[in-house]
Amino acid sequence: MVLSRGWALFLTGVGVWMWVIWPRFAVAIWDDPRSWSGGVSAQGSPTAFLWVHALLIGGSLAIGTVVGVLGVRAWFAARGRAR
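What comes next concerns the included structure.

The rules behind these values
Residues numbered from 1 in each chain as written. Predicted model: local features only at pLDDT ≥ 70, side-chain atom pairs only at ≥ 80, totals over all residues. Heavy atoms only, no water. Phe/Tyr/Trp six-rings, centres within 6.5 Å; stacked < 30°, edge-to-face > 60°. Helix = DSSP H or I, 4+ residues; strand = E, 2+ residues; numbered from the N terminus. Buried < 20%, exposed > 50% of the residue type's maximum accessible area, 1.4 Å probe, protein only. Lys NZ or Arg CZ within 6 Å of the ring centre and 35° of its normal.

Moving on, we get to the packing of aromatic side chains. Tallied over the entire structure, the rule returns three aromatic pairs. Considering the side-chain rings of W22 and F25, the 5.3 Å spacing of their centres and the 85 degrees angle between planes classify their relative orientation as edge-to-face. Here F25 and W22 lie together in helix 1 (residues 5-31), a separation of three residues that amounts to about one turn. Relative accessible area serves as the criterion here: at 21%, W22 is assigned to the partly exposed category. Residue F25 is classed as partly exposed on the basis of its relative accessible area, which comes to 32%. Geometrically, the ring pair formed by W30 and W36 is edge-to-face, given 4.7 Å between the ring centres and 80 degrees between the ring planes. Assessed through its relative accessible area of 43%, W30 is described here as partly exposed. The ring of W75 has R5 sitting right over it, with the charged end atom 4.3 Å from the ring centre.

Take a look at the structure:
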């Protein structure tokens, strides 16, 4: 498959965006009282709310990493074709 530089830049941007947004969301979930059985951040045992969101965040970061790497690789491949 051949991607244009525009698509390569878009994919790289999506990968970066995922790494900007999801860690901040992880902090918000960690501080949410619904994440802990004690009702206070990091007190008590983790609830299903925390585990489900941790899986979503981990999966999104993995997808963001793959998409970003594909974007960077496509950018360098397009650069090589331009020569």
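Following the structure, the description resumes.
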